[in-house]
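# What the coordinates show
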Amino acid sequence: MSSSSTETGAAPVRSAAERPQFFYRSAIVMAVIVVLSFPLTYYMPALTGSRNFHLLHHLHALAYFAWIALYVWQTRLAATCRIARHREIGLAGFALTGALVPLGVWMAQRAAEIRAAKDVPHPYEFTWFNLTDIGLFTGLMIASILLVTKHKEWHRRLTFTAALCLVAPAATRWTLKMPGLDPLFLDIAVYFVMDPFLIALLLFDRRTLGKFHPATLTCVAILIPVQVASAFIARSDWWNTLAPSLIGPP
């Protein structure tokens, strides 16, 4: 996925010892957040049989964790200058990306069904966040794949941001366990996990390039307005009226 090769006109290619480790280290932190987000909602229920999971739940989990693990591996390969191997394995990343999108849409619809079965008011509110994350992930990865050959710096920043769109739904497993707090705050609390990564990327650009890379600014310009708007759209009457016809009735 992420590549450390530089674009035309950028700094010369560095040796493995000199190559910045930012994307690799960030990928490790993302993976840790993801792994630590599911003990109560997936690992333990699956091991104890206290909750019945559909086969597609397990397929989604497999593709999801595999994508995150592959991202860590790919950033490690790029950081250690094993670019040929990085490109070979990138094909698997593209395939996993293609699998995650329909599985993610299915999971969003299934989650709405479960909430409706439990008589949760407005079961499609959270579905907005699911579909937004899926849509952003899809768009960013398509752009990343298209730019992989000639625009490496765009490629690795777009993939970095796409990975954050997978970290966000994982982090909600913790914010949903905070009773008594304002629902609007809980909706945007998860972005407190995502946005520090964007700030770190901006600082990385400033330190290594002396300026903010256009890809980083583009990702920030896309994510921040979506984050702010989503907290209000998800709870709007028009979305909760429209959602069943888009996703299917619960």
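Bear in mind the structure is a predicted one, so any value in this text is a computation, not a measurement. (Residues numbered from 1 in each chain as written. Predicted model: local features only at pLDDT ≥ 70, side-chain atom pairs only at ≥ 80, totals over all residues. Heavy atoms only, no water.)

### Examining the packing of helix α3 (residues 55–79) against helix α4 (residues 83–117)
The interhelical angle for the contact between α3 and α4, taken along N-to-C directions, is 150°, at an axis separation of 8 Å. In this view, α3 runs roughly antiparallel relative to α4, as classed from their interaxial angle. When the axes of α3 and α4 are compared, the crossing they make is left-handed. Considered class by class, the residues forming the contact of α3 with α4 number 18 nonpolar, 8 polar and 2 charged. (Axes fitted to C-alpha atoms, helices over the stretch in contact; angles between N-to-C directions. Helix = DSSP H or I, 4+ residues; strand = E, 2+ residues; numbered from the N terminus. Parallel < 35°, antiparallel > 145°, perpendicular 65-115°, else oblique. Left-handed = near helix turned anticlockwise from the far one by under 90°. Nonpolar A, V, L, I, M, F, W, Y, C, P; charged D, E, K, R; others polar.)

### Notes on helix α9 (residues 214–233)
For α9, spanning 20 residues, the distance from its first C-alpha to its last is 28 Å, which sits close to the expected 28 Å at 1.5 Å a residue. Buried residues of α9: Ala215, Thr216, Cys219, Leu223, Gln227, Ser230, Ala231 and Ile233, and no others. (Expected span 1.5 Å × (residues − 1). Buried < 20%, exposed > 50% of the residue type's maximum accessible area, 1.4 Å probe, protein only.)

### Some words on the confidence of the model for the protein chain
When pLDDT is averaged along the protein chain, the result is 84; 86% of the residues meet or exceed 70. Here helix α7 (residues 183–189) is the element of the protein chain with the lowest mean pLDDT, 61, and helix α1 (residues 22–35) is the one with the highest, 95. The low-confidence segment residues 2–13, where pLDDT is below 50, has 34 contacts with residues more than four positions distant or belonging to other chains. (pLDDT = per-residue confidence, 0-100. Contact = heavy atoms within 4.5 Å.)

### Observations regarding the environment of His54
For His54, the position within the fold is in the loop between α2 (39–48) and α3. The exposure class assigned to His54 is partly exposed, which follows from its relative accessible area of 43%. Taking the C-alpha atoms as reference, His54 lies 9.9 Å from Arg110; in sequence the two are 56 residues apart. One polar contact links the side chain of His54 to the main-chain amide nitrogen of Leu56, over a distance of 3.0 Å. (Polar contact = N/O pair within 3.5 Å; in protein donor to acceptor, adjacent residues only side chain to side chain.)

### A short note on the packing of aromatic side chains
Inspection of the entire model under this criterion finds 17 aromatic pairs. With 5.6 Å between their ring centres and 75° between their planes, Tyr64 and Phe65 make a pair best called edge-to-face. A relative accessible area of 23% means that Phe65 is categorised as partly exposed. Here the aromatic residues Phe38, Tyr42, Tyr43, Phe53, Tyr64 and Phe65 are joined through ring pairs into a cluster of three or more. Taking NZ or CZ as reference, Arg206 lies 5.7 Å from the ring centre of Phe212, over its face. (Phe/Tyr/Trp six-rings, centres within 6.5 Å; stacked < 30°, edge-to-face > 60°. Lys NZ or Arg CZ within 6 Å of the ring centre and 35° of its normal.)

### Observations concerning the nonpolar core
Of all hydrophobic cores here, the largest spans 57 residues; its most connected members are Met30, Trp67, Tyr71, Phe137 and Phe160. Where this core is concerned, the elements lending two or more residues are α1, α3, α4, α5 (125–146), α6 (152–175), α8 (191–209), α9 and α10 (237–247). At 11 residues, the largest contribution of residues to this core is made by α6. Excluding residues that lie within four positions of it along the chain, Met30 makes contacts with Tyr71, Phe160, Ala163, Leu164, Val167 and Phe197. (Core = buried A, V, L, I, M, F, W, Y, C linked by side-chain atoms within 4.5 Å.)

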